Amino acid sequence: MLSIRNLHAAVEGEEILKGINLDIQPGEVHAIMGPNGSGKSTLSQVLAGNETFEVTSGEVLLDGKNLLELETEERALAGIFLAFQYPVEIPGVSNLQFLRTAVNAHRAHQGKEELSAVDFMKLAKDITQRVDLDASFLKRGVNEGFSGGEKKRNEILQALLLEPRLAILDETDSGLDIDALKTVAQGVNELRSEDRAILMITHYQRLLDHIVPDKVHVLAGGRIVKSGDSELAKELEEHGYAGLGVSDDEEATAN
Amino acid sequence: MKAAPTLSPAFLQPAGGKLPEPLLTLRQQRGKALVDMPLPTRKTENWKYSSRHLKLTEELANSLPSGRKAGPGLALDHPHILIHNGVVVPEASDFPELDGIEISSFADLDDDTAGQLAERLDNTLDNQAIQMARLNAARFEDGLYIRLKPGAVLEEPLYVIIETDAGASGSAYPRLYVDVGANSQMTLVEEYISSGDDAALVDSVTEFSLGEGANLTSIRLSLEGDSVQHIGATGARLLGHARLDSHTVGFGGPLRRHDLQVRLEQPGAECRLNGVAVSQGKQHYDNHTTIEHVAPHCNSEETYRNIAADESHIVFNGRIHIHEDAQKSAADMNNKNLLLTTGAEIDAKPELEIYADDVTCAHGATIGQLDDRSLFYLVSRGISRQHANTLLTMAFINELVEQIPVEAVRQTTQARLNQFIEQAFEEA
């Protein structure tokens, strides 16, 4: 479903990704782990189409389509969803208006009728409950004044509404207390389905206690240096990245 | 040396209208004082950015004929009073029959009342600073005098439509004087519209006199067409514990200029001034506000937001003057500006003049573009770039528009602003 071949990307002329290869099949959950500065977030931003990052070579195919030729919004409509590490606050645009606009953009793309305000409200209320957010969050500005955990739950809420082919979760576990982590993990588990893939990017093992991945990859210095099953994450937890011969020096090399 | 340009004598021709004697006399006196009035130039501080847009050609000197009905430009479908080319049109107006309010055209005032009004006319304005208000005083042919009696509370907003009918070239000089009695309360909506495509000038003056404890909400929409230059002044004097809430929304034109002057004259008076201006094409908009903190213990809050698209130009000049005796004043001014293109220009100038030492004053002005991170966030959800731009631009001003307390006005304004924004991104 997703196929990344020899992907290189740079920001301001400095190469961050140095040849990423990755294949993800429908229904699979992959975790990418790695030290700070290894290029984890760059990978997620490049897949979503952030123009700050320049793809210097390589190929990314989603269901056979060349993803890199598509604009950000076209990638979203093709089924890419990025749950941001730092969701943006947008005062003046209500969460409800934002979500409905996004859902209707997807529906229009799929040739379906747009949802009326009333029908959308029903759907949105149902899904806010599933991520344990109060319906009052729909009326507030997008992420405006939300706590860290509420922002992350709002990201999962969007994923549940937009039903992507590939959901990329960028450090969705960071900054969450244990209860919030459980709620978010529960939302992610609800996202799992046979025709959807999930790519989780994380620094820590703790999210993987709640969401068991099919595959785990270690990213360091802009390359995947090791891949394995969920046992690899436990190994990392016990021995740290140093146990793999990956140190913070990798960060220095990447910089 | 080139002599400074002066007002064409054509503008000093005798004006028409059927005014009571005291107002006629006043008008004549004001006319005489205008002979050789210097016109604002680039070197005139308060006209620095706008003087080149001011075109007082001789063809504009003629008074536009009055008396017809409101054209199709009407945005608000409500019972209203119509001022057509500066003259109140009773046949096209609905005068509310309510206890506690007296509404009359200047023409219909008896000599005694007209005499009292003549003594007060222009007393809310700093006429030296507002050159064009002086021209209005020499040319007005009628006006609307609204008196709210002490203690009266008007539940429904009062709508006044000020229409400039540019079926021919010329000028109009509408004028309103609103006397808000002690402890009374009302909402006034002024909607400036135009019809016709000929070049026209509207030079308007609105004055508010607020008694002790009076409460006035003033909503001013400037919606005229592209052939109309509008230079308007609003003056307000507030006695003790009076409160003025002002909401202005304006769309650009060949020249739109609004001077808003508020004097907090007695302790406890307070004002909140919200303003939105948008412009596109080669339009020009200039808001000049002044808040005079004359007495101690007064509060002022001011928030203006501007959006300039294409090659348009917006000016915001906000002056706060805290007089020596005005201890314990609190003044807060905030101005944010959004440029939608690299060709657009916004000049923002906060001016604080403080002569008292125990005051709380804050001001901030920013000029920026749409936030790239917000834009990326929206498009990453499949929302088109154009739609995302529209949402973010509307969000920038909606915070102010949402504070307009009359739902019908708020909705109309939002719809017009949405239309403006969608158009701005279509053409980009």
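The rules behind each value
Residues numbered from 1 in each chain as written. Chains lettered and ligands numbered in written order. Predicted model: local features only at pLDDT ≥ 70, side-chain atom pairs only at ≥ 80, totals over all residues. Heavy atoms only, no water. Pairing = 2+ DSSP bridges. Helix = DSSP H or I, 4+ residues; strand = E, 2+ residues; numbered from the N terminus. Contact = heavy atoms within 4.5 Å. Axes fitted to C-alpha atoms, helices over the stretch in contact; angles between N-to-C directions. Parallel < 35°, antiparallel > 145°, perpendicular 65-115°, else oblique. Left-handed = near helix turned anticlockwise from the far one by under 90°. Nonpolar A, V, L, I, M, F, W, Y, C, P; charged D, E, K, R; others polar. UniProt positions renumbered as here; feature names shortened; annotations may be inferred. Buried < 20%, exposed > 50% of the residue type's maximum accessible area, 1.4 Å probe, protein only. Polar contact = N/O pair within 3.5 Å; in protein donor to acceptor, adjacent residues only side chain to side chain. Buried area = accessible area lost by both parts, 1.4 Å probe. Salt bridge = Lys/Arg side-chain N within 4 Å of Asp/Glu carboxyl O. Core = buried A, V, L, I, M, F, W, Y, C linked by side-chain atoms within 4.5 Å.

**Concerning the sheet that holds strand β12 (residues 243–251) of chain B**
Residues and elements named next belong to chain B. One open sheet holds the 10 strands; their spatial order is β2-β1-β5-β8-β10-β12-β14-β16-β18-β20, and the pairing between them is mixed. Strands at the two margins of the open sheet, each flanked by one partner only, are β2 (87–88) and β20 (360–368). Pairing geometry for β12 and strand β14 (residues 270–279), over 9 bridges, is parallel. Residue pairing for β14: Phe251 is matched across the bridge by Val278. Contacts from helix α5 (residues 385–401) reach β14, β16 (299–308) and β18 (330–339) within the one sheet, and its direction differs from that of β16 by about 155°.

**Side note on the packing of helix α4 (residues 117–130) of chain A against helix α5 (residues 148–162) of chain A**
Residue and element names in this part refer to chain A. With their axes 10 Å apart at the nearest point, α4 and α5 run at an angle of 130° to one another. The orientation of α4 relative to α5 falls into the category oblique. In terms of crossing hand, the pair formed by α4 and α5 is right-handed. On α5, the residues that touch Phe120, Leu123, Ile127, Thr128 and Arg130 of α4 are Leu157, Leu160 and Leu161. Split into classes, the residues belonging to the contact of α4 with α5 amount to 6 nonpolar, 1 polar and 1 charged.

**Section: the UniProt feature "domain: ABC transporter" (unreviewed entry) in chain A**
Those places that UniProt annotates as "domain: ABC transporter" (unreviewed entry) correspond, in this numbering, to residues 2–246 of chain A. Helix makes up 34% of residues 2–246 of chain A and strand makes up 29%, while its end C-alpha atoms are separated by 27 Å.

**Side note on the environment of Arg305(B)**
All names here are of chain B. Along the chain, Arg305 falls in strand β16. Given a relative accessible area of 6%, Arg305 falls into the buried group. Between the C-alpha atom of Arg305 and that of Ile397, which follows or precedes it by 92 residues, the distance is 6.4 Å. In this view, Arg305 contacts Gly275, Val276, Ala277, Lys336, Phe396, Ile397, Glu399 and Leu400; residues no more than four positions away in its chain are not counted. Of note is the side chain of Arg305, whose polar atom sits 3.4 Å from the side chain of Glu399.

**Observations concerning the environment of Leu24(B)**
Within the secondary structure layout, Leu24(B) lies in helix α1 (residues 21–32). In the structure, Leu24(B) is positioned 165 residues away from Val189(B) in sequence and 28 Å away in space, judged by C-alpha atoms.

**Details of the interface of chain A and chain B**
Taken residue by residue, the interface counts 34 residues in chain A and 18 residues in chain B. The contact between chain A and chain B buries some 1900 Å² in all, and 67% of this surface belongs to carbon and sulfur atoms. Of all residues in chain A, Glu73(A), Phe84(A) and Val88(A) give up the largest surface area on contact with chain B, accounting jointly for 27% of the area buried on that side. Where chain A touches chain B, the interface holds 2 salt bridges. Ionic pairing is found between Glu73(A) and Arg385(B), a salt bridge with its closest N-O pair at 3.3 Å. Scanning the region where chain A abuts chain B turns up 7 residue pairs in polar contact (both at pLDDT 80 or more). Only α1 (40–48), α2 (72–78), β6 (80–83), β7 (90–94), α3 (95–109) and α5 of chain A provide two or more residues apiece to the side of chain A that touches chain B. In terms of residues, the side of chain A that touches chain B owes the most to one element, α3(A), which gives 6 residues.

**Points about the pattern of salt bridges**
This model, assessed by the stated rule, comprises 34 salt bridges over all chains. A salt bridge links Lys40(A) to Glu171(A); its shortest N-O distance comes to 3.7 Å. Taken together, the positions of Lys40(A) in helix α1 and Glu171(A) in the loop between β9 (166–170) and α6 (178–191) put the pair 131 residues apart, joining distant regions of the chain. The exposure class of Glu171(A) is buried, given its relative accessible area of 7%. Measuring nitrogen to oxygen at the nearest pair gives 3.0 Å for the salt bridge that ties Arg257(B) to Asp286(B). A residue pair is termed long-range when its members are at least 10 positions apart, and Arg257(B) in strand β13 (residues 255–264) and Asp286(B) in strand β15 (residues 284–293) qualify at 29 residues. In terms of burial, Arg257(B) and Asp286(B) fall into one category: buried. Connected through salt bridges with shared partners, the residues Glu45(B), Glu292(B), Arg319(B), Lys349(B), Glu351(B) and Glu353(B) form a single ionic network.

**Here we look at the pairing of strand β3 (residues 101–105) of chain B**
Regular strands place their side chains on alternate faces of the sheet. Residues and elements named next belong to chain B. By the criterion of burial, β3 is predominantly enclosed, with 4 of the 5 residues buried. When β3 meets strand β4 (residues 144–148), the two strands line up antiparallel, connected through 5 bridges. In the strand pairing of β4, Ser104 is matched with Tyr145.

**Some thoughts on unusual backbone geometry**
Its identity is not glycine, yet Asp122(B) carries a phi of approximately 80°, on the positive side. Counting through the fold element by element, Asp122(B) comes out in the loop between α2 (111–120) and α3 (131–139).

**Concerning the nonpolar core**
Formed by 123 residues in total, the largest nonpolar core has its most connected members in Ile4(A), Leu166(A) and Met200(A). In terms of residues, this core owes the most to one element, α5(B), which gives 9 residues. Other than its neighbours up to four places away in sequence, Ile4(A) contacts Ile20(A), Asn21(A), Leu22(A), Leu43(A), Leu47(A), Glu59(A) and Val60(A). Counting 44 residues, the second-largest nonpolar core is a separate cluster that includes Leu148(B), Leu176(B), Ala295(B) and Phe316(B).

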